[in-house]
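Structural characterization, general
If you want the building blocks of each chain, they are given just below.
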Amino acid sequence: MIVRQFLEWARTAPEDARAKAVAALARAYVRPELGAAERAEIDEALPGLVADPSPLVQFHLASALCRHPLVPADVVLQLARLPGPAGALVLEHSAVLNVRELIALCSGGDAGMHEAIARRERLPAPIAALLAEVADVGPLLALVRNPTADVPGFALGQIVARFGAVPELREALLSRPDLPAAAHQAIIRIVAGALSAFVEERQWLSPAEAARLAREACDQATVTQASRPQFTQTRALVQGLQARGELTSALVLRSLLSGQMRLFLEAVSVLSGISVDHVAALAADRSGEAFRVLYHRLALPAGAFIAFRTALGVVQSETYLDERDAEPGLRLRILDDVLAAYEEAGESAQGNRIVGMLHRWQGEARERSERQTLAA
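As the structure is a prediction and not an experimental result, all values here were calculated from the model.

**A closer look at the overall build of the protein**
In terms of regular secondary structure, the protein is built from 22 helices and zero strands. For 376 residues, the compact-globule estimate of 2.2 N^0.38 gives 21 Å, and the protein exceeds it by more than 25% at 30 Å. Projected onto the principal axes, the alpha-carbon positions of the protein cover approximately 100 × 45 × 40 Å. Taking all 376 residues of the protein together, the buried fraction comes to 47%.

**Here we look at the pattern of salt bridges**
Scanning the entire structure with this criterion turns up 14 salt bridges. Arg 18 serves as the salt-bridge partner of Asp 52, at 2.7 Å between the closest nitrogen and oxygen. One end of the pair, Asp 52, is in the loop between α3 (36-50) and α4 (55-65); the other, Arg 18, is in helix α2 (residues 15-29), and 34 residues separate them in sequence. Classification of Asp 52 by relative accessible area gives buried; the value is 10%. The shortest N-O distance in the salt bridge between Arg 212 and Glu 216 comes to 3.3 Å. Here Glu 216 and Arg 212 lie together in helix α14 (residues 207-227), a separation of four residues that amounts to about one turn. Salt bridges here are not isolated pairs; linked through shared partners, they connect Glu 92, Glu 115 and Arg 119.

**Some remarks on the environment of Glu 289**
Structurally, Glu 289 is set in helix α19 (residues 289-298). What makes Glu 289 partly exposed here is its relative accessible area of 46%. Separated by 218 residues in the primary sequence, Glu 289 and Val 71 have C-alpha atoms spaced 75 Å apart.

**Examining the packing of aromatic side chains**
All chains considered together, the criterion is met by five aromatic pairs. Ring geometry for Tyr 295 and Phe 305: centres 5.1 Å apart, planes at 80°, overall edge-to-face. Taken together, the positions of Tyr 295 in helix α19 and Phe 305 in helix α20 (residues 305-316) put the pair 10 residues apart, joining distant regions of the chain. Taken as a pair, Tyr 295 and Phe 305 share a single burial class, namely buried.

Calculation notes
Residues numbered from 1 in each chain as written. Predicted model: local features only at pLDDT ≥ 70, side-chain atom pairs only at ≥ 80, totals over all residues. Heavy atoms only, no water. Helix = DSSP H or I, 4+ residues; strand = E, 2+ residues; numbered from the N terminus. Rg over C-alpha atoms; globule rule 2.2 N^0.38 Å. Buried < 20%, exposed > 50% of the residue type's maximum accessible area, 1.4 Å probe, protein only. Salt bridge = Lys/Arg side-chain N within 4 Å of Asp/Glu carboxyl O. Phe/Tyr/Trp six-rings, centres within 6.5 Å; stacked < 30°, edge-to-face > 60°.

Shown next, in the form of structure tokens:
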């Protein structure tokens, strides 16, 4: 009787008063002590309340019901399809909506609906995968930043393929520890390509120099990626690089000159077809003869042997690391020793292009070391 009287009154009541009354009725509905008869009466009235044309009334009703697990499914679906904040509240919080219903809402929804669904706690993988395929940048940013969402690796890769050029989304993707190695590499290539195009467009460098800059930026980012303690996909990273023709001798040497033995050993293993353990044993031979045999098998540039062998010896020593040198990157101490070995062998940048590259990398490492010193 009270609910029927309320509905009669609501037909002519002002919006503000109606919204407050609907909120009070909804709060009464979610209380466990409400009697069965009263609950049934409100259940019958709910569809009419949801149909109220006032956004304010809709919002108050959705606010009161969005987290209640016993609201009838048809009412929840009706609320979820409301435009604006009212529908978004239900889409984000309601436990009544199942996977099938959420998939249907994603398929037919707009950006606001997508974003609300992307923020759901413990969002299941099928819905995250669908959003990766159909949603725009805003909802995908919410999805990538949702720490409880189950986002499959292939879905993260699809997001990179669609919107990897968007800086804010790219940054959010890179902060995820579960970002697949292939997706991470795709982001690196996107950034390097944009950098190369920008430099070439401004005519600051020749096309060849811009391309070299892009390659070295990719290599540097790859080594940084592999150096993170939480990174566990080194083998997959190296195999992907090889498949794309990006596992170059320069990248392998940079990994060693950065003190990244794990990346170096995996790269040599993939290039040679020898197990990582066997490669590690050959590299550990202090005489250098075992590594020389391996080096020739890999067909690496003859002019780079001194660099590889000297760097390997320095990395294998226990004293090479500067304690201040915690940031990933080329190690100045290793480069200094390598270039000293070339100088002792009588090789210069004029006769060996590897030496010229090493001098350039030495400058990069020195600048980095100076920045760290100033920041300390």
